[in-house]
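Here's the letter readout for the chains.
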Amino acid sequence: MAFVTYETEGAVGIITIDRPKALNALNSEVLDDLNAVLDSVDVDVIRCLVLTGAGEKSFVAGADIGEMSSLTVAEGEAFGKKGNDIFRRIETFPVPVIAAINGFALGGGCELSMSCDIRFCSDNAVFGQPEVGLGITPGFGGTQRLARIVGPGMAKQMIYTARNIKADEALRIGLVNAVYTQEELLPAAKKTAAGIAKNAPIAVRNCKKAINDGLEVPMDEAIVIEEKLFGACFETHDQKEGMSAFLEKRKEKEFLNK
Ligand code: DAK
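Just so we're clear, the structure is a prediction, and the values are computed from it rather than from any experiment. (Residues numbered from 1 in each chain as written. Predicted model: local features only at pLDDT ≥ 70, side-chain atom pairs only at ≥ 80, totals over all residues. Heavy atoms only, no water.)

### Thoughts on helix α3 (residues 73-91)
(1) Moving on: In this model, α3 (19 residues) spans 26 Å end to end at C-alpha, consistent with the 27 Å of a helix rising 1.5 Å per residue.
(2) Moving on: Of all the positions in α3, only Phe79, Gly80, Gly83, Ile86, Phe87, Ile90 and Glu91 are classed as buried. The buried residues of α3 all sit within an arc of 150° when viewed along its axis, so they share a single face. Looking at α3, the residues exposed on the side facing more than 90 degrees away from the buried face are Ala74, Glu77 and Lys81. (Helix = DSSP H or I, 4+ residues; strand = E, 2+ residues; numbered from the N terminus. Expected span 1.5 Å × (residues − 1). Buried < 20%, exposed > 50% of the residue type's maximum accessible area, 1.4 Å probe, protein only. Arc of directions from axis to C-beta.)

Right, dumping it as structure tokens:
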């Protein structure tokens, strides 16, 4: 793949968008490569993913403006669907995905980070949805996910003004979970990913699904979603192992993802 690399460290997979000449902007090829990398993740082995951008300046500086500039209405819709399908795939991916945002996260870059479960950023990170300044709306889920993450008032302010915000403000409004120096960012993301990977994988997956699916429906239905996914953990090897370890007062647990 030309624009996306994938490596593993134990049960953690690290996906890097690697198109630094264009500040990792998302063109169709990058999106295709990202989709192909997700196809290649062995979710029987990998228990958490980290998604980052190559270089020290940018996570993803948005959808590729050059490619978008001459799209017809039909092509624009198709491009939006391509991105949306991949971002939704990340959002619903069986294992958690941590975005390690190492610089610009503008437009499609901010939207990509918001499709991840957890966002960490470096102190030079810049977030924004500049689309209305380009004559378009956010097209990769920005109007929907930003409002859900930071609330409608703040999302509307960011989107209508097209104003960028820095890492400290992103932290203050809850767009990111934590801010690190550039050097500390990737190690911190990997450390958190490794911590997640140590826990019972079926339980972690079910938590992701319960939170995601539950947020889409009224509370009475959400509680039923939780009940089902809670129940589904029982009779698994990992539920028995986790509880046996507690009862036998031993620290070592061997979670087998079954
Ligand atoms: N697209 C293409 N190339 C980009 C790019 C982008 N988004 N961002 C940067 N680049 C390229 C620059 O053109 C430049 O290329 P060369 O001129 O060297 O060939 C190279 O990356 C370095 O950029 P700069 O020279 O501009 O670097 P600076 O440090 O001076 O500035 C910057 C960095 C991030 C502030 C600046 O590059 C910038 O403002 N970039 C554009 C940021 C932006 O507006 N991003 C949002 C894009 S809009 C939809 C689907 C999707 C979307 C919308 C609708 N549907 C189909 C419904 C999503 C839209 C967006 O994401």
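### Describing the sheet that holds strand β5 (residues 97-101)
(1) Moving on: In spatial order, the strands read β1-β2-β3-β5-β7-β10; together these six strands make up an open sheet with mixed pairing. A single partner strand is all that each edge strand has here, and the edge strands are β1 (4-9) and β10 (178-180). Strand-to-strand, the axes of this sheet are offset by a mean angle of 20°, without reference to chain direction. (Pairing = 2+ DSSP bridges. Axes fitted to C-alpha atoms, helices over the stretch in contact; angles between N-to-C directions.)

### What to know about helix α9 (residues 201-214)
(1) Moving on: Spanning 14 residues, α9 covers 19 Å between terminal C-alpha atoms, matching the ideal 20 Å at 1.5 Å per step.
(2) Moving on: Of the positions making up α9, those classed as buried are Pro201, Ile202, Val204, Asn206, Lys208, Ala210 and Gly214.
(3) Moving on: Of the surrounding secondary structure, the elements contacted by the buried residues of α9 are α3, β5, α8 (182-198), α10 (219-231) and α11 (237-247). (Contact = heavy atoms within 4.5 Å.)

### Thoughts on the packing of aromatic side chains
(1) Moving on: Inspection of the entire model under this criterion finds four aromatic pairs.
(2) Moving on: Taking 5.5 Å as the distance between ring centres and 50° as the angle between the ring planes, the aromatic pair formed by phenylalanine 79 and phenylalanine 140 counts as tilted. Within this pair, whereas phenylalanine 79 is found in helix α3, its partner phenylalanine 140 is found in the loop between β8 (126-128) and α5 (142-150), the two being separated by 61 residues in sequence. With respect to class, phenylalanine 79 is no different from phenylalanine 140; both count as buried.
(3) Moving on: On the numbers, 5.1 Å between centres and 75° between planes, the contact of phenylalanine 230 with phenylalanine 234 is edge-to-face.
(4) Moving on: Residue classification places phenylalanine 230 among the exposed residues on the basis of a relative accessible area of 55%.
(5) Moving on: A relative accessible area of 35% means that phenylalanine 234 is categorised as partly exposed.
(6) Moving on: An aromatic cluster is built from Phe79, Phe87 and Phe140, whose rings are joined through pairwise contacts. (Phe/Tyr/Trp six-rings, centres within 6.5 Å; stacked < 30°, edge-to-face > 60°.)

### Remarks on the pattern of salt bridges
(1) Moving on: Tallied over the entire structure, the rule returns 14 salt bridges.
(2) Moving on: Across the salt bridge formed by aspartate 32 and lysine 82, the nearest N and O atoms sit 2.6 Å from each other. In this pair, aspartate 32 sits in helix α1 (residues 28-40) while lysine 82 sits in helix α3, placing the two residues 50 residues apart along the sequence.
(3) Moving on: Residue classification places lysine 82 among the partly exposed positions, given a relative accessible area of 27%.
(4) Moving on: A salt bridge links glutamate 248 to arginine 250; the shortest N-O distance between them is 2.7 Å.
(5) Moving on: You can call arginine 250 partly exposed: its relative accessible area is 25%.
(6) Moving on: Linked through salt bridges whose partners overlap, the residues forming this network are Arg88, Glu91 and Arg145. (Salt bridge = Lys/Arg side-chain N within 4 Å of Asp/Glu carboxyl O.)

None of this, on its own, says anything about what the molecule does.
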